[in-house]
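This is what each chain is made of:
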Amino acid sequence: MDGPGRNDPCWCGSGKKYKKCHLVAEAAGAVAPPSPPRSAAPASLPASIAALLLGPEGREGMRVAGRFNARLMDFMRPHMVAGANTAHLDRLVHDYTRDHGAIPATLGYHGFPASCCISRNEVVCHGIPTGEVLLDGDIVNLDLTSIVDGWHGDQSETFLIGDVDAGSRALVQVAFDALHAGIAAARPGGAVIEIGRAISKLAHAHGFSVVRDYQGHGIGRVFHQEPGVPHFPDPELGSFVLWPGVCFTIEPMLNAGGYKTRLDKHDGWTVRTEDGKRSAQFEHTILMTERGPELLTQTEHGPVPGHRF
Ligand code: MF3
Ligand code: CO
Ligand code: CO
């Protein structure tokens, strides 16, 4: 399933259509898709894919946006405590962003009414910060996206509020480890499906499920663009090849119970687990380079791989 679509240029760089080149041999198991992967994109990519590949200026724009967004996360970190009011947290995000000349990307995005998403406990994603109070024992995801000089940085962390039960702590731990397993699986010239495979394997080994209704995404001057980055091995979207210059997020949502979600009918945004069990998520913005994935949203004070929650 790795590699280009039937009518796209073959991954081998021959310039022939994939179906006229390596497709048949691959399907018969005669050759494997490139491994180690090619590090340079072929000259003859479809224009829609070539347009996603950033050159030096675009890459630098994304680095600056990612760095700013990470600083915003570090600024918010000490405020993610029991007793914090989510409307107040949203105000802090808004004002810090504006005071630094950046734009909160979610505010007004398809009508979203706030400058960040705050998703507590059984809320999977897209929680609206409307004045709930964080309570001891909660697990709370803060998802921040800012626009700096037209470029987007997007990341999230799940915070443990006070004394959290061992099961929820394990869920947060595995969600964090799954994000980093996904990042480690992303290779220049590799396929998106490798990310979903790594994440699902880890999640299932710990008895957690992986949300399928929401996924990572390409990002740049546009908040959400190609490629879609499913966190499970999706044979369709998974065939997208991560050529150097492509920028995307990985943002696995792991559930303590089943993978199914339900959208709140009243606000049209809040996504909850169908069974009411808890969900945890971490997100980073990543640039694929010739040498491998570059993490654009690493914080100074947040968890790094190997961290124990
Ligand atoms: N930040 C979210 C993501 O990771 C998207 C939030 S869009 C909103 O893609 F409209 F819900 F805010
Ligand atoms: Co995102
Ligand atoms: Co996000």
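Conventions and cut-offs
Residues numbered from 1 in each chain as written. Chains lettered and ligands numbered in written order. Predicted model: local features only at pLDDT ≥ 70, side-chain atom pairs only at ≥ 80, totals over all residues. Heavy atoms only, no water. Donors = N, O, S within 2.8 Å, 3.2 Å for Na, K, Ca; no water. Tetrahedral: all angles 85-135°; square planar, octahedral: opposite > 155°, others 65-115°. Pairing = 2+ DSSP bridges. Helix = DSSP H or I, 4+ residues; strand = E, 2+ residues; numbered from the N terminus. Axes fitted to C-alpha atoms, helices over the stretch in contact; angles between N-to-C directions. Buried < 20%, exposed > 50% of the residue type's maximum accessible area, 1.4 Å probe, protein only.

Draft legend 1. Geometry of the coordination of the cobalt ion (ligand 3). Within the protein, the cobalt ion (ligand 3) binds to Asp-143 (OD), Asp-143 (OD), Asp-154 (OD) and Glu-283 (OE); these donor distances fall in the range 2.1 to 2.5 Å. In this structure, the cobalt ion (ligand 3) is coordinated by six donor atoms arranged in irregular fashion, with angles at the metal of 57 to 166°.

Draft legend 2. Representation of the sheet that holds strand E3 (residues 123-125). Spatially, the three strands line up as an open sheet ordered E3-E12-E11, and their pairing is antiparallel. Sheet topology places E3 and strand E11 (261-263) at the edges, where each strand pairs with a single neighbour. The sheet shows a mean angle of 40° between the axes of neighbouring strands, taken without regard to direction. Bridging between E11 and strand E12 (residues 271-273) involves three bridges; their strand directions are antiparallel. Bridging across to E12, Thr-261 finds its partner in Thr-273.

Draft legend 3. Geometry of the coordination of the cobalt ion (ligand 2). At this site the cobalt ion (ligand 2) is bound by Asp-154 (OD), His-217 (NE2), Glu-251 (OE) and Glu-283 (OE), with donor distances of 2.0 to 2.2 Å. Read in sequence order, the donor residues coordinating the cobalt ion (ligand 2) give the pattern D-x62-H-x33-E-x31-E. Between the cobalt ion (ligand 2) and the cobalt ion (ligand 3), a spacing of 3.3 Å is present, and a bridge between the two is formed by Asp-154. One end of the pair, His-217, is in strand E7 (residues 216-218); the other, Glu-283, is in the loop between strand E13 (279-281) and strand E14 (284-289), with 66 residues separating them in the sequence. Glu-283 sits in the buried class, given a relative accessible area of 1%.

Spatial relationships are all this shows, so hold off on functional conclusions.
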